[in-house]
Amino acid sequence: MDLHNFENGRLFIFQNDTLLGNYNNEEVSVTIPGLPYHNVVRVTIELFIHDSWDGNLDEGFSGPDYWFMKVDGEEVLRTTFSNSPCESTYCIRQSFPHDFFRQNLPKEGAIQTILPGLCHLKGTPNGTSKYRVTRLIKHEGPNAKITLGDELMQTNSPDPKCDESWSVGKIELSTYVVL
């Protein structure tokens, strides 16, 4: 609940849990000071993908829907997510758990998929997907700045933030010395 080291941090309640967010075409950053000596960090994010993300779809008005993570300004992940159902004749694929451009099934790698949507798909039991995003990154120095953001496209919606957004339940940073 302490947003002291955050830039653009805000809290809201989703499913009786306090989350950081919700965001649409925005970035949020946290600076973690006072790290011990290390040369590698592991960053783990508990990420909620809300409502109608369109994954890799690239038809000019609703995708692709990118999400990214940076450490000290360097992008360490750029991927897409899809909350769409996959039918036999129509399947909007996503890149996660890999970097963009991979063709994975919607919700692949999700740790929970039966959460209700936040806004546009509120009340729909599969409207939010929860992911655990983990990356190992070479890093040195006493501080680390983690930036999370998106580039969402939904030009055919009167309320893009209600159509697709994301939030964070947890940010963990661990330090390691790798020889």
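Residues numbered from 1 in each chain as written. Predicted model: local features only at pLDDT ≥ 70, side-chain atom pairs only at ≥ 80, totals over all residues. Heavy atoms only, no water.

Participant: Which parts of the structure should I look at to understand the sheet that holds strand E11 (residues 164-176)?
Facilitator: In any sheet, the strands associate via hydrogen bonds between backbone groups, in a parallel or an antiparallel arrangement. Pairing is antiparallel across the open sheet formed by six strands, whose spatial order is E2-E3-E11-E5-E9-E8. Across the chains shown, the open sheet's two edge strands, defined by having one partner strand only, are strand E2 (11-14) and strand E8 (110-115). Between one strand axis and the next, the sheet turns through 35° on average, direction left out of account. Pairing geometry for E2 and strand E3 (residues 17-23), over four bridges, is antiparallel. Across the sheet, residue Phe 14 finds its bridge partner in E3, namely Asp 17. (Pairing = 2+ DSSP bridges. Helix = DSSP H or I, 4+ residues; strand = E, 2+ residues; numbered from the N terminus. Axes fitted to C-alpha atoms, helices over the stretch in contact; angles between N-to-C directions.)

Participant: For this particular structure, what's the right way to read the environment of Thr 175?
Facilitator: Inspection of the secondary structure puts Thr 175 in strand E11. With 162 residues separating them in the primary sequence, Thr 175 and Ile 13 have C-alpha atoms 30 Å apart. When residues no more than four places from it in sequence are discounted, the contact partners of Thr 175 are Leu 35, Pro 36, His 38, Val 40 and Val 41. (Contact = heavy atoms within 4.5 Å.)

Participant: I would appreciate a short explanation of the pairing of strand E6 (residues 66-71) in the present structure.
Facilitator: Two faces make up the sheet, and in a regular strand the side chains alternate between them. The element E6 is extensively covered by neighbouring structure, given that five of its six residues are classed as buried. Bridge count between E6 and strand E7 (residues 74-80): six bridges; the pairing is antiparallel. Bridged to Phe 68 within E7 is Arg 78. Where E6 hands over to E7, the hairpin turn is made up of two residues, of which Asp 72 adopts a positive phi near 50°. When E6 meets strand E10 (residues 144-151), the two strands line up antiparallel, connected through six bridges. Residue pairing across strands places Lys 70 opposite Thr 147, the latter belonging to E10. (Buried < 20%, exposed > 50% of the residue type's maximum accessible area, 1.4 Å probe, protein only.)

Participant: Help me out: how do you make sense of the sheet that holds E6 in this one?
Facilitator: An order of E1-E4-E10-E6-E7 is seen for the five strands of this open sheet, with the pairing classed as antiparallel. For this open sheet the edge positions go to strand E1 (6-7) and E7, each flanked by a neighbour on one side alone. Bridge count between strand E4 (residues 27-32) and E10: six bridges; the pairing is antiparallel. The residue bridging Thr 31 from the neighbouring strand is Lys 145, located in E10.

Participant: Sorry if this is basic, but what is going on with the packing of aromatic side chains here?
Facilitator: Note on aromatic pairs: each is described by the distance of the centres and the angle between the planes. One pass over the structure, following the stated rule, counts 10 aromatic pairs. Arranged with centres 5.9 Å apart and planes meeting at 80°, the rings of Trp 53 and Phe 81 form a pair that is edge-to-face. Remark: Phe 81 occurs in the loop between E7 and E8 and Trp 53 occurs in the loop between strand E5 (40-51) and E6; sequence separation between them is 28 residues. Owing to a relative accessible area of 0%, Trp 53 belongs among the buried residues under this scheme. On the basis of relative accessibility, which here comes to 0%, the residue Phe 81 falls in the buried class. Judged by centre distance (4.6 Å) and plane angle (55°), the ring pair of Phe 81 and Tyr 131 falls under tilted. One end of the pair, Phe 81, is in the loop between E7 and E8; the other, Tyr 131, is in strand E9 (residues 128-138), with 50 residues separating them in the sequence. Looking at Tyr 131, the relative accessible area reads 0%, which means it is buried. Between Arg 78 and the ring centre of Tyr 66, over which it is positioned, the NZ or CZ distance is 5.1 Å. (Phe/Tyr/Trp six-rings, centres within 6.5 Å; stacked < 30°, edge-to-face > 60°. Lys NZ or Arg CZ within 6 Å of the ring centre and 35° of its normal.)

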